[in-house]
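Structural overview
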Amino acid sequence: RRACAAAPDHLGLHAALAYALAGSGALEEAVEAYRKLLALDPGSAPLRTNLAVLLLRTGAVEDARALLLEAAELAPDHANTASALGDLFARLRDREQAFGHYRRAIDLYRRQIGPRPTAAHCNDLVKLATAQMWTGDTGAALANFDRAVALRPDHALALARRGLLLARLRRFPEAVASLRR
C-alpha cells in the first residue's frame, strides 16, 4: 500500500495489490483496488472483467453484469470476459445465455492456447476445461484438465477441478487421488 501511495499512477503496483487482495480473500478491499485501477485505465476490458468477477463473489450481480457487458463491448474476443459472462448467466439461471457465452469462451481459449500448449497456458487450459465442463463436454474437459496437470503437476486449481469432475462422473477413486495430489 505504501508503494501504491508513493506511485499513485503506477498501474503495475495497483494491479499487484488488487490481485493479492483478491487472492487473500479481502474481497471488499480488492474491489476498491480494482476500482482505482479502472479509474487509471478506464478503457481496460480485463480490469472490468476482474472487477466484475469480484463483484459476483460479493453478490453485486447487477454491477457485475454492467461491467461484463461493457467489457464484452470493448473487447469482444476476450476469453475471460466470455467465461465470466457464462458464470454470470449461470448464476442468473439463464441456461441458454450461459451456454452461449461458455461456448464463445471455449472457442476463444482454443485460439489463445493453440495446438501446442506450454506450461504458460495452464491457467487458460483450466478455464477452457471449466467452460467445457459447464457445457456438458466432460470428455474434452477431463482431457484439458489432464493436459494442464501434465504441464504443471502442482497446479492446484487444475487438480481440484479435475477431482470435482471425476467425482461428478462417479469415478470416485480417481477423484480422491486427484484431490489428494
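Before reading further, recall that the structure is shown in the block above.
Residues numbered from 1 in each chain as written. Predicted model: local features only at pLDDT ≥ 70, side-chain atom pairs only at ≥ 80, totals over all residues. Heavy atoms only, no water.

This paragraph deals with helix 2 (residues 11-23). Note on helix geometry: an α-helix contains 3.6 residues per turn, so any two residues three or four positions apart are oriented the same way. Taking 1.5 Å per residue, 13 residues should reach 18 Å; helix 2 reaches 18 Å between its end C-alpha atoms and fits that length. Those residues of helix 2 lying buried are His14, Ala18, Leu21 and Ala22. One side of helix 2 carries all its buried residues, which in axial view fall inside an arc of 100°. Facing away from the buried side of helix 2 by over 90 degrees, the exposed positions are Tyr19 and Gly23. In the segment just after helix 2, Gly25 is the residue with positive phi, at about 90°. (Helix = DSSP H or I, 4+ residues; strand = E, 2+ residues; numbered from the N terminus. Expected span 1.5 Å × (residues − 1). Buried < 20%, exposed > 50% of the residue type's maximum accessible area, 1.4 Å probe, protein only. Arc of directions from axis to C-beta.)

As for its position among the elements, Leu151 is in helix 9 (residues 138-151). In this structure, the C-alpha to C-alpha distance between Leu151 and Arg111, residues 40 residues apart in sequence, is 18 Å.

Phi is mostly negative for residues that are not glycine, and the peptide bonds are mostly trans. Residues other than glycine seldom take positive phi values, yet Arg93 does so here, at roughly 65°. Positive phi is not limited to glycine here, since Arg170 has a value of about 65°. Position of Arg170 relative to the elements: it lies in the loop between helix 10 (156-168) and helix 11 (172-180). The class of Arg170 is exposed, set by a relative accessible area of 64%.

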